[in-house]
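Next come the chains, spelled out residue by residue.
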Amino acid sequence: DIMCREMGYTGIVMGIVDSHGESCDLPPSCSEKVLKVQYANYFESLDYMRQSKFLLLPQVYDASPRVAVEAMSLNLPLLMNSEIVGGWKYINEQTGEFFRDDMSDFRDSLAKLMSNLDTYSPRSYVNTNYGSKKAGAKLRSFVEEYFAGRVTLPKRSGLLIPSEPAVPDVANSEDAKPEAKTFRLFSVFSTECSPFQDWQAQTLIHNHRVQQIQGYLVRLLACDDPHYVLPEHSYDKYRVVRTPNFGARGDDVYSPRNKPFSIAYWLDGFSDDDELPDDDDVVAIIDPDMIFLSSDMNIESIDSGRGVASGYNLGSTWVGEWAWKFCDGKCDRISDDSDDVSFGAPYVLKANDMLRLANLWRTLVDEMRVIDQSWQLEMYAAIIAALRLDIAFTVEKSMIANAEDDAEPWDIAMWGASSAPEVGKLDLTATIQVAHYCQSYSISSFRWYKHDYHGLDIRKCDPLNNFFSTPSSNDLRLMAENRGEDLQSKAARNVWLLDSTMAVARDAIENYYAEFCTTSTEIVVNNEASPPPSMFDFRSSLATLGRKIMAFVDANLGLIPSEPMSLGRATSGEGAYDASQDSTETISIRSFVIGSHETKFKDFLQANLGSEGEFNWVHGENGWDQHVADEWVGLAGGPTFDVSTYKPFEKDQFGPHAAGCYMSHYKLIQHLDEVGEHSHLASAASSAYIVFEDDARCIRGWQNEVLKTMTALPDDWDILFFGGRPISYFHKFNGTKPGTSTPSSLRHDICSGMFGKARGPLAPDGSRNISNHDPYWRASYLVHTHAYAVNPRRIEHVLKVLEGKQGHEPIDARFAKAMDSGMLAAYMTPENICEQSSLMSDYTPNWDGLNPQPWLGHFGFPPEAVKQHPGIHEAHMWGRILLDGEDSPACVGVY
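Note that this is a predicted model, so its numbers are computed, not measured. (Residues numbered from 1 in each chain as written. Predicted model: local features only at pLDDT ≥ 70, side-chain atom pairs only at ≥ 80, totals over all residues. Heavy atoms only, no water.)

## Notes on a nonpolar patch on the surface
Part 1 of the argument: Taken together, the side chains of Leu139, Phe142, Tyr146, Phe147 and Val151 present a nonpolar region at the surface, about 440 Å² in accessible area.
Part 2 of the argument: You can see Phe142 is positioned in helix H6 (residues 132–147).
Part 3 of the argument: With relative accessibility at 43%, the residue Phe142 sits in the partly exposed group. (Patch = residues over 30% accessible without salt bridge, like charges linked within 9 Å, V, L, I, M, F, W, Y side chains within 5 Å. Areas by Shrake-Rupley, 256 points an atom, 1.4 Å probe, with all protein chains shown as cover. Salt bridge = Lys/Arg side-chain N within 4 Å of Asp/Glu carboxyl O. Helix = DSSP H or I, 4+ residues; strand = E, 2+ residues; numbered from the N terminus. Buried < 20%, exposed > 50% of the residue type's maximum accessible area, 1.4 Å probe, protein only.)

As structure tokens, this is what we get:
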């Protein structure tokens, strides 16, 4: 009652509800502030503690609760009953405070604890005074002192640590030769439950089987949906192990968190898997988008405390900048160019070492997220965990992912057999060789990128040609010319990676369809049914394709990764818009979502479940990369700047955040123009590219609303905004004109021209007499770029605006100036169809739209106007003003 009523604290009480559902009563003041939970499992209890500021231990009859040490190991101070039977030894000035059992000093003890939270260091105290090494030395000393006549301990041993006794093998005689040590290999990858990762898992299953990889393939499925149906399989060396989804911690959604948490959950025995590795077995942690390049594996070198990992270009500066705080003094030996802190998956360790690593790894992920929110944070956490546990990783250059990166082991990469193209190889004796298709690979106009295929659901036997595009005859010719060439060539590297990744993925899915799909996946060429082209066709020399394949290729030029969605025919749901009522045109669109993290793309899809469109995820540019910032300056003009001088994650209008946003949009639009996809869409009247940022949240049936606007637009439109803010800059203040001192006269002063002529949206006829019943408005000055459409036939106009050398600035400011000057034929929907998630107080999929706000005011409103109208202030943003019939005729043409 003191903590809830007097202090206003919130909290969690664990164990207050027993297994029968019976519960102790809490004071009424705690009814909305304290969560009561049943006895939580080990991981859940640790998660609750991580979210807390201290741990209250009010019990008396408890013989040194383990939870006390667990909390201190998480750096959580304790508030403990001084009369507790055991555990009182843990409380000191480093770890927390006591309170008397009669509660007479509880308020004072609590106040002292809360005022000194930053001064306690319980984790340091635990590391200094407890642990196996310290307890083992004490136990040995105790045994030697009191049982020296009865127990003989090895002289070289300094520790005595309890363990399960070894069972002697009575079947072997003293003369029998010991059998060679055998152990199993478990190749393990972690995913969530999504069709996107289902087809990647199927690719790994196929690859594991074809390459005849030894041991087992295990998918750790982090999924809270008990009804999620997985694709079928018939591979006896593959199994799926379900775990909770650990990706979210409150508002912090970070899907890579699942990797260490799921590994620990599995190896600790919390899953239903009854075939866990033995301590001496070998566990190889891979990513779901990796391909085994060879079945030759040198896992015999893996020993206790020693493992193997693949080299990555992480550098070591991150350690000195911030990660040293988590090293417990183990980072001192790292040199500036050390491989000790620049490695990642595949990680290969003995199972017992992998369990030790995973338990500390997952803890560090959450602790380090407070400082660093980068996508590779889980890699940093694994590296620091290995250093702290004295697990030594031998770093091998055994992974290839990037055709542009000369630091990867391209010097030892080899081509597959030329007579039957196959995955490439690396010319070294490595533990595990993999290709990692985390990048995009292209040759001429053809590109393959895994994130283009989030919509592929192999469970539904989706037609494969809707997702895997057909290279043109010119693309195939260039592939054939570069296959077998020196891999110092970037073009040859791209072909090598396409052979080693895309080809495997398509073969895997085709095999799945052949085994489990009963519906035909054939495609139609000139009205004749033909089987889909195999990846052998894509990889082979044109000379061996023959006339029939060439005829197929010629007939299918211009196919794109996913067929455009025809909104005129494919709308559904209540109130679906019927395009035939207004237009006979077929509106074909393709939708793209720009984002920095795959997790946010998933959030976008989940939040817009009412949408019927197919979305292609586009990995955004990182403005904190100096190279990207320099590109921005080179493209848009203006002075150069050093990204390191900006505070991380701070949104500066002319800094790294703006650079990443500008270049992400520009490169997407540039790509659509360069590959000529706009010519394909241009064949359908009023077709469009739809561009979203991953924080866009749209109304139910957004396609219908956009469609209605697009059918009404003139043919020469460049860009259509259906999310954003039109701003009226009243560009001057005439202080000599009369005005009263009441806020209610503000409309009158605007009408009288006191603030000049507004720059606001125009009606379709070009007048200022806009109405929210208009089919569209002409945009005059608008900010935000989270939802807009580009006309494929006039895409060069948009690029010309972005490539102007007026000086680098936010992309919405560049667009706004262009539309205001007439350089850009920009339009907007009268209704705000899509909003940014950060600007919405409460969003649900049933949200039916926001009313328009066409008159958001000028930031820094003239101070003279503020003085004359006390009801406003300099940063005031106007609500809806003078819209439709609310104004008098005298105002028309003024505002």
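That shown, we press on.
## Looking at the side chain of Glu408
Part 1 of the argument: Its place among the elements puts Glu408 in the loop between strand E16 (399–400) and strand E17 (413–414).
Part 2 of the argument: Buried Glu408, no salt bridge; nearest opposite-charge side chain is Arg493, N-O distance 7.5 Å.
Part 3 of the argument: Polar contacts involving the side chain of Glu408 include one to the main-chain amide nitrogen of Asn402, which spans 2.9 Å.
Part 4 of the argument: What Glu408 contacts, discounting residues up to four positions off in sequence, is Met399, Ile400, Ala401 and Asn402. (Lys, Arg positive; Asp, Glu negative; His and termini not counted. Polar contact = N/O pair within 3.5 Å; in protein donor to acceptor, adjacent residues only side chain to side chain. Contact = heavy atoms within 4.5 Å.)

## Let's talk about the side chain of His808
Part 1 of the argument: Among the secondary structure elements, His808 is positioned in the loop between helix H22 (795–802) and helix H23 (811–821).
Part 2 of the argument: Polar contacts involving the side chain of His808 include one to the main-chain carbonyl oxygen of Pro639, which spans 2.8 Å.
Part 3 of the argument: Each residue touching His808, except ones within four places of it in the same chain, is listed here: Trp632, Val633, Ala636, Gly637, Gly638, Pro639, Phe641 and Phe654.

## What about the pairing of strand E27 (residues 688–693)?
Part 1 of the argument: Most of E27 is tucked away, with six of its six residues classed as buried.
Part 2 of the argument: Every second residue of E27 is oriented toward a common face, with Ala688, Ile690 and Phe692 on one face and Tyr689, Val691 and Glu693 on the other, all of them buried.
Part 3 of the argument: Relative to strand E33 (residues 787–790), E27 runs antiparallel, the two being bridged by four bridges. Residue pairing in the sheet places Phe692 in a bridge with Ala787 of E33. (Pairing = 2+ DSSP bridges.)

## Considering the packing of helix H7 (residues 195–210) against helix H13 (residues 490–516)
Part 1 of the argument: Between H7 and H13, the least distance of the axes is 8 Å, while the angle of their chain directions is 90°. Taken together, the axes of H7 and H13 lie roughly perpendicular to each other. Note on element contacts: H13 touches H7 through Val504, Ala505, Asp507, Ala508, Ile509, Asn511 and Tyr512, opposite Trp199, Gln202, Thr203, His206 and Asn207.
Part 2 of the argument: The residue makeup of the contact of H7 with H13, split by class, is six nonpolar, five polar and one charged. (Axes fitted to C-alpha atoms, helices over the stretch in contact; angles between N-to-C directions. Parallel < 35°, antiparallel > 145°, perpendicular 65-115°, else oblique. Nonpolar A, V, L, I, M, F, W, Y, C, P; charged D, E, K, R; others polar.)

## What to know about the sheet that holds strand E5 (residues 96–99)
Part 1 of the argument: Read across the open sheet, the three strands follow the order E3-E4-E5; overall the sheet is parallel. Every interior strand has two partners, whereas the edge strands, strand E3 (55–57) and E5, have only one. Averaged over all adjacent pairs, the angle separating strand axes in this sheet is 15°, with direction ignored.
Part 2 of the argument: The sheet contacts of helix H3 (residues 66–73) involve E3 and strand E4 (78–81), and relative to E3 the element is tilted by about 160°.
Part 3 of the argument: Contacts from helix H4 (residues 106–115) reach E3, E4 and E5, with the element oriented near 175° to E5.

## Some thoughts on the packing of aromatic side chains
Part 1 of the argument: Considering all chains together, one arrives at 43 aromatic pairs under this definition.
Part 2 of the argument: For the ring pair Trp410 and Trp496, a centre distance of 5.4 Å and an interplane angle of 75° mean the geometry is edge-to-face. With Trp410 in the loop between E16 and E17 and Trp496 in helix H13, this residue pair connects regions lying 86 residues apart in the sequence. No difference in accessibility class separates Trp410 from Trp496, as the two residues are buried.
Part 3 of the argument: One aromatic cluster is present, formed by Phe196, Trp199, Tyr437, Trp448 and Tyr453 through successive ring pairs.
Part 4 of the argument: Positioned above the aromatic ring of Tyr216, the side-chain terminus of Arg239 is 5.7 Å from the ring centre.
Part 5 of the argument: Above the plane of the ring of Phe183 lies Lys350, whose end atom (NZ or CZ) is 4.1 Å from the centre. (Phe/Tyr/Trp six-rings, centres within 6.5 Å; stacked < 30°, edge-to-face > 60°. Lys NZ or Arg CZ within 6 Å of the ring centre and 35° of its normal.)

## With respect to H7
Part 1 of the argument: With 16 residues, H7 ought to run about 22 Å at 1.5 Å a step, and its terminal C-alpha atoms sit 23 Å apart, in line with that.
Part 2 of the argument: With respect to burial, H7 is a largely interior element, 13 of its 16 residues being buried. (Expected span 1.5 Å × (residues − 1).)

## With respect to the pattern of salt bridges
Part 1 of the argument: Scanning the model with the defined rule gives 37 salt bridges in all.
Part 2 of the argument: For Glu481, the salt bridge is made with Arg477, and the minimal N-O distance between the two is 2.9 Å. A residue pair is termed a helical-turn pair when its members lie 3 or 4 positions apart in one helix, as Glu481 and Arg477 do in helix H12 (residues 473–482) at four residues.
Part 3 of the argument: On the basis of relative accessible area, Glu481 is assigned to the partly exposed category, the value being 44%.
Part 4 of the argument: Judged by relative accessible area, which is 34%, Arg477 ranks as partly exposed.
Part 5 of the argument: Of the charged contacts in the structure, one is a salt bridge between Asp499 and Arg483, with a shortest N-O distance of 2.9 Å. Here Asp499, found in helix H13, pairs with Arg483, found in the loop between H12 and H13; they are 16 residues apart in sequence, far enough to count as distant.

## Considerations on the nonpolar core
Soluble globular proteins tend to bury their nonpolar side chains together.
Part 1 of the argument: The biggest cluster of nonpolar side chains holds 71 residues, and the ones touching the most others in it are Trp318, Tyr347, Met368 and Ile384.
Part 2 of the argument: Ile384 has contacts with Trp318, Ala323, Phe326, Cys327, Cys331, Leu364 and Met368, leaving out every residue within four places of it along the chain. (Core = buried A, V, L, I, M, F, W, Y, C linked by side-chain atoms within 4.5 Å.)

## Side note on H3
One turn of an α-helix holds 3.6 residues; hence residues three or four places apart share an orientation.
Part 1 of the argument: Among the residues of H3, Ala68, Ala71 and Met72 are the ones counted as buried. Mapping the buried residues of H3 onto a view down its axis gives an arc of 95°, with all of them on the same face.
Part 2 of the argument: Phi turns positive one or two residues past the end of H3, at Asn75, with a value near 65°. (Arc of directions from axis to C-beta.)

## Quick word on the confidence of the model for the protein chain
Part 1 of the argument: Summary statistics for the protein chain give a mean pLDDT of 76 and a share of 72% for residues scoring 70 or more.
Part 2 of the argument: Note on residues 164–180: pLDDT is under 50 here. Beyond four places in sequence and across chains, it has zero contacts.
Part 3 of the argument: Predicted confidence is poor over residues 519–585, with pLDDT under 50, and the contacts of this stretch with residues over four places away or in other chains come to 132 contacts. (pLDDT = per-residue confidence, 0-100.)

## A short note on the state of the cysteines
Among covalent bonds in proteins, the disulfide is the one between the sulfur atoms of two cysteines.
Part 1 of the argument: Scanning all chains against the criterion turns up four disulfides.
Part 2 of the argument: Sulfur-sulfur distance for the disulfide between Cys193 and Cys223 comes to 2.3 Å. Looking along the S-S bond of the Cys193-Cys223 disulfide, the torsion reads about 80°, which is the right-handed sense. Of this pair, Cys193 sits in the loop between strand E6 (185–192) and H7 while Cys223 sits in the loop between strand E7 (216–222) and strand E8 (238–243), and the two are 30 residues apart along the sequence.
Part 3 of the argument: Between the sulfur atoms of Cys461 and its disulfide mate Cys517 the distance is 1.9 Å. Disulfide Cys461-Cys517: the torsion about the S-S bond is -90°, which places it as left-handed. (Disulfide = S-S within 2.5 Å.)

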